[in-house]
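# Architecture and fold: a report
The residues making up each chain are set out below.
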Amino acid sequence: GEVSMKRVLCVALCLMLVAALFTGCIPDSREFTCQDLTMDVPLLMKDVSSDSAFSKFAFALDSNKVAIFGSREAFGNVDVSDVTEMDYAKALIDNNQHDCMPITRSNEQYVYYTYEATVDGELYKYVAGCYKGSEAFWLVQFGGPAVNFELETYLGYLDTVKVS
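What counts, and at which threshold
- Residues numbered from 1 in each chain as written.
- Predicted model: local features only at pLDDT ≥ 70, side-chain atom pairs only at ≥ 80, totals over all residues.
- Heavy atoms only, no water.
- Helix = DSSP H or I, 4+ residues; strand = E, 2+ residues; numbered from the N terminus.
- Buried < 20%, exposed > 50% of the residue type's maximum accessible area, 1.4 Å probe, protein only.
- Pairing = 2+ DSSP bridges.
- Contact = heavy atoms within 4.5 Å.
- Axes fitted to C-alpha atoms, helices over the stretch in contact; angles between N-to-C directions.
- Arc of directions from axis to C-beta.
- Phe/Tyr/Trp six-rings, centres within 6.5 Å; stacked < 30°, edge-to-face > 60°.

## A word on unusual backbone geometry
Residues other than glycine seldom take positive phi values, yet Gln 35 does so here, at roughly 50 degrees. Tracing the backbone shows Gln 35 in the loop between strand E1 (29-34) and strand E2 (37-42). Relative accessible area serves as the criterion here: at 55%, Gln 35 is assigned to the exposed category. Even without being glycine, Gln 97 reaches a positive phi, approximately 55 degrees. Turning to its location among the elements, Gln 97 is positioned in the loop between helix H2 (85-95) and strand E6 (103-104). Overall, the relative accessible area of 71% leaves Gln 97 in the exposed class.

## Examining the sheet that holds strand E10 (residues 162-163)
The sheet built from 3 strands is open, its strands ordered E1-E2-E10 with antiparallel pairing. The sheet is open, and its two edges are formed by E1 and E10, each paired on a single side.

## Thoughts on the sheet that holds strand E3 (residues 46-47)
Pairing is antiparallel across the open sheet formed by 7 strands, whose spatial order is E3-E4-E5-E9-E8-E7-E6. In this open sheet, the two strands that pair with only one neighbour each are E3 and E6. One ladder, built from 9 bridges, connects strand E7 (residues 111-119) with strand E8 (residues 122-132); its direction is antiparallel. In the sheet register, Glu 116 faces E8, and the bridge partner there is Lys 125. This element, helix H3 (residues 151-158), spans E7, E8 and strand E9 (136-145) of the sheet and lies at about 25 degrees to E8.

## Let's talk about H3
Turning to H3, its buried residues are Tyr 154, Leu 155, Tyr 157 and Leu 158. Taken around the axis of H3, the buried residues stretch over an arc of 155 degrees, which confines them to a single face. Contacts made by the buried residues of H3 are with E1, E2, E7, E8 and E9.

## With respect to the packing of aromatic side chains
According to the stated counting rule, one finds 14 aromatic pairs in the structure shown. Aromatic pair Phe 69 and Tyr 126: ring centres 6.3 Å apart, planes at 70 degrees, arrangement edge-to-face. Residue Phe 69 is located in strand E5 (residues 67-74), and its partner Tyr 126 is located in strand E8; the two are separated by 57 residues in the primary sequence. Both rings, one in Phe 149 and one in Tyr 154, keep their centres 5.3 Å apart while their planes meet at 70 degrees; by these two values the pair is edge-to-face.

## Things to note about the environment of Glu 108
Tracing the backbone shows Glu 108 in the loop between E6 and E7. With relative accessibility at 28%, the residue Glu 108 sits in the partly exposed group. C-alpha of Glu 108 to C-alpha of Val 161: the two residues are 53 residues apart in sequence and 10.0 Å apart in space.

## Considering the pairing of E9
With 10 of 10 residues buried, E9 lies mostly within the body of the structure. Relative to E9, E5 is paired through 8 bridges, and the arrangement is antiparallel. The residue bridging Gly 70 from the neighbouring strand is Val 140, located in E9. Where E8 and E9 come together, 9 bridges link them in antiparallel fashion. Looking at the pairing, Tyr 126 lines up with Gly 143 of E9.

What follows is the structure, encoded as structure tokens:
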């Protein structure tokens, strides 16, 4: 009857919740892969990598709240064995003349920094995570209008980045 169907649905939902807790996946997210990088991204992100505005990035995703874009810098023949994520972050901050300091994410294997920019008269905020893989440095940024900016949420997604 009706009661058993509700019970089945409830049990199914509970099992899904428990599974989500143990897989480490953020609710309402999906796994995204680009070359040697994987990460969780919000479900509603659409891939805009082919848009000419994002041509300098390895990938670009967009929603009505935030954009995520990634840059990959291959090591090539350069010996980067003693170059850390912190060194990379400081170089990026200097090159882009951002007024900020890089921070090592506690318990995580990456460095991040936040900065602001005015786009068409509107204040935008960004958080950028720096990662070192075996073949490249990655910079993954979340950015959008300052009024929508959710640093802790975006750091949660940056925590899921894995670079091989």
